[in-house]
Amino acid sequence: MNPYEVLGIGPNASAEEIKEAYHSLAKQWHPDHYQGHEHVAAEQRFRELAAAFAKLKHKEHPIALAPHSETPTPEEAGASALHSVPPAARTVDDWYAEAKAAFNAKDLPRALSLIHYALKMDTERIECYLLYVQIIDQPGGDVRKLIHTLETILHL
């Protein structure tokens, strides 16, 4: 996890910018604002934000977070490019692509959080629901959510 990416800030961000980004996102993703399956995703996103902030809040302790020297995969390159786009400016396709990249990287909590963004923006995108099904159809997944989502796909 790159805490800069999680908080949507650059590696040169000041301590104040880090704090501001965290507080803004924490308010947006506080689990008390959500219900049902959205609550679970919000809890996970809230935990990610807290972990990222915990790593960065003391900027006087540098963290080695420079990009890897290896060439990124096309999915990683596409997902990294999205981080330069502010969350409010991202499209459904952007959120879907980033969720797909996270899913392919086996980062299921992040994929779940990201696909929820896409589904909030467009409740009739079948490919988003299909990715959501793939994410929740993992060992230990919620069978009720899976069935409900499959029913939604059939209605579409």
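Everything below is about the structure shown above.
Owing to the predicted nature of the structure, the values given are computational and were not obtained by experimental measurement. (Residues numbered from 1 in each chain as written. Predicted model: local features only at pLDDT ≥ 70, side-chain atom pairs only at ≥ 80, totals over all residues. Heavy atoms only, no water.)

Engineer: Could you clarify how one ought to interpret the overall build of the protein in this entry?
Structural biologist: Counting its secondary structure elements, the protein contains eight helices and zero strands. Along the protein, from the amino end to the carboxyl end, the secondary structure elements read α-α-α-α-α-α-α-α. Expressed as a percentage of the 156 residues in the protein, the buried residues total 35%. Partitioning the contacts of the protein with sequence separation of at least 6, the portion at a separation of at least 24 is 53%. (Helix = DSSP H or I, 4+ residues; strand = E, 2+ residues; numbered from the N terminus. Buried < 20%, exposed > 50% of the residue type's maximum accessible area, 1.4 Å probe, protein only. Contact = heavy atoms within 4.5 Å.)

Engineer: In this structure, what is going on with the nonpolar core? I would like to understand it.
Structural biologist: Side chains of nonpolar character tend, in soluble globular proteins, to be buried together. L7, I9, I18, W29, L49, I115 and I135 are the most contacted members of the largest nonpolar core, which totals 39 residues. If you list the elements that add at least two residues to this core, you get α1 (3–7), α2 (15–29), α3 (36–56), α5 (92–104), α6 (108–121), α7 (126–136) and α8 (143–155). Other than its neighbours up to four places away in sequence, L49 contacts V6, L7, Y22, L25, A26 and W29. (Core = buried A, V, L, I, M, F, W, Y, C linked by side-chain atoms within 4.5 Å.)

Engineer: It is not clear to me how the environment of L119 should be interpreted in this structure. Could you clarify?
Structural biologist: Looking at the element boundaries, L119 is found in helix α6. Distance in space between the C-alpha atoms of L119 and W95 is 9.1 Å, their sequence separation being 24 residues. Leave out the neighbours within four places in its chain, and L119 touches C128, Y129 and Y132.

Engineer: Would you take a moment to explain the packing of aromatic side chains for this structure?
Structural biologist: A ring pair, where both rings are aromatic, is described by two values, the distance of the centres and the angle of the planes. Under the criterion given, the structure shown has four aromatic pairs. A ring pair is formed by Y22 and F53, whose centres lie 4.3 Å apart and whose planes are at 10°; its orientation type is stacked. Highlighted residues: Y22 in helix α2 and F53 in helix α3, separated in sequence by 31 residues. Like Y22, the residue F53 is buried in the burial classification. Where W29 meets Y117, the ring centres are 4.8 Å apart and the plane angle is 90°; that geometry is what we call edge-to-face. (Phe/Tyr/Trp six-rings, centres within 6.5 Å; stacked < 30°, edge-to-face > 60°.)

Engineer: What's the story with the pattern of salt bridges in this structure? I'm lost.
Structural biologist: Charged atoms that come close allow side chains of opposite charge to pair. Per the stated rule, a full pass over the model turns up six salt bridges. R47 serves as the salt-bridge partner of E43, at 3.9 Å between the closest nitrogen and oxygen. Of this pair, E43 and R47 both sit in helix α3, four residues apart, which is roughly one turn of the helix. The salt bridge partner of D122 is R125, with a shortest N-O separation of 3.7 Å. (Salt bridge = Lys/Arg side-chain N within 4 Å of Asp/Glu carboxyl O.)

Engineer: In this structure, what is going on with the environment of N2? I would like to understand it.
Structural biologist: For N2, the position within the fold is in the segment before α1. On a C-alpha basis, the gap between N2 and K55 in space is 9.5 Å, while along the polypeptide they are 53 residues apart. A distance of 2.9 Å separates a polar atom in the side chain of N2 from the backbone nitrogen of Y4. (Polar contact = N/O pair within 3.5 Å; in protein donor to acceptor, adjacent residues only side chain to side chain.)

Engineer: Before we go on, may I ask you to explain a nonpolar patch on the surface in this structure?
Structural biologist: On the surface, a nonpolar cluster with roughly 240 Å² of combined accessible area is contributed by I126, L130 and L156. Structurally, L156 is set in the segment after α8. On the basis of relative accessibility, which here comes to 42%, the residue L156 falls in the partly exposed class. (Patch = residues over 30% accessible without salt bridge, like charges linked within 9 Å, V, L, I, M, F, W, Y side chains within 5 Å. Areas by Shrake-Rupley, 256 points an atom, 1.4 Å probe, with all protein chains shown as cover.)

Engineer: Is there a simple way to think about unusual backbone geometry in this case?
Structural biologist: The backbone of K106 shows a phi angle near 65°, a positive value even though the residue is not glycine. The residue K106 is located in the loop between α5 and α6 in this model.

Engineer: Mind showing me how you'd approach the environment of I135 here?
Structural biologist: Structurally, I135 can be placed in helix α7. Between the C-alpha atoms of I135 and F103, which are 32 residues apart in sequence, the distance is 7.0 Å.

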